[in-house]
Amino acid sequence: MSRDDADSPECKRCGQCCLADVMAYATDEDRRRWEAEGRTDIFTAINNRHGIWAGDHLISTETGRPFHGCTFFDCDGERFGCSIYETRPTVCRNYQPGQSEICPQFPGNRRSD
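Let me begin by describing the structure that accompanies this report.

1. A short note on the overall build of the protein chain
No. 1: Scanning the protein chain from N- to C-terminus turns up 3 helices and 4 strands.
No. 2: Of the regular secondary structure in the protein chain, the N- to C-terminal order runs α-α-β-β-β-β-α.
No. 3: Among the 113 residues that make up the protein chain, the fraction classed as buried is 28%.
No. 4: Working note: accessible area of the protein chain is about 7,800 Å², and carbon and sulfur atoms make up 48% of it.

2. A look at helix α2 (residues 40-48)
No. 1: If you check which residues of α2 are buried, you get I42, A45 and I46. Each buried residue of α2 lies within a common arc of 95° when the element is viewed along its axis, so the set occupies one face. The exposed set on the far side of α2, more than 90 degrees from its buried face, consists of T40 and N48.

3. Some points on the packing of aromatic side chains
No. 1: Scanning the model with the defined rule gives 2 aromatic pairs in all.
No. 2: Ring geometry for W34 versus F43: centroids 6.2 Å apart, planes at 75°, classification edge-to-face.
No. 3: For F43, a relative accessible area of 23% corresponds to the partly exposed category.
No. 4: Ring geometry for F73 versus F80: centroids 5.1 Å apart, planes at 10°, classification stacked.
No. 5: The ring of Y85 is capped by R88, whose NZ or CZ atom sits 3.8 Å from the centre of that ring.

4. Digging into the side chain of R31
No. 1: Tracing the backbone shows R31 in helix α1 (residues 28-36).
No. 2: A distance of 3.0 Å separates a polar atom in the side chain of R31 from the backbone oxygen of A26.

Cut-offs used in this document
Residues numbered from 1 in each chain as written. Predicted model: local features only at pLDDT ≥ 70, side-chain atom pairs only at ≥ 80, totals over all residues. Heavy atoms only, no water. Helix = DSSP H or I, 4+ residues; strand = E, 2+ residues; numbered from the N terminus. Buried < 20%, exposed > 50% of the residue type's maximum accessible area, 1.4 Å probe, protein only. Areas by Shrake-Rupley, 256 points an atom, 1.4 Å probe, with all protein chains shown as cover. Arc of directions from axis to C-beta. Phe/Tyr/Trp six-rings, centres within 6.5 Å; stacked < 30°, edge-to-face > 60°. Lys NZ or Arg CZ within 6 Å of the ring centre and 35° of its normal. Polar contact = N/O pair within 3.5 Å; in protein donor to acceptor, adjacent residues only side chain to side chain.

This is how it looks when you write it as structure tokens:
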């Protein structure tokens, strides 16, 4: 079932969607864009976590465990956000608040105020 942008609730910037390892879903197109933009900071951050791609997710070469949470998940002390928002992966660009169960805005998760 697809959602219309007009039907999507406003993002609360709670950070729940960033607890998924969205970098695991970065596409080859995302990587090419980052290379063209000279975003070595993105590749450095990924590489410093000692991660390798294992199918559809990153795992630690040190522990063999999958990463939990996006490398670029950030908090300013009050609200959560993305430190690479302008060039975030396509999966993040396409995400609409409330489209998945991980989001508090998902229809089954909403509490009445």
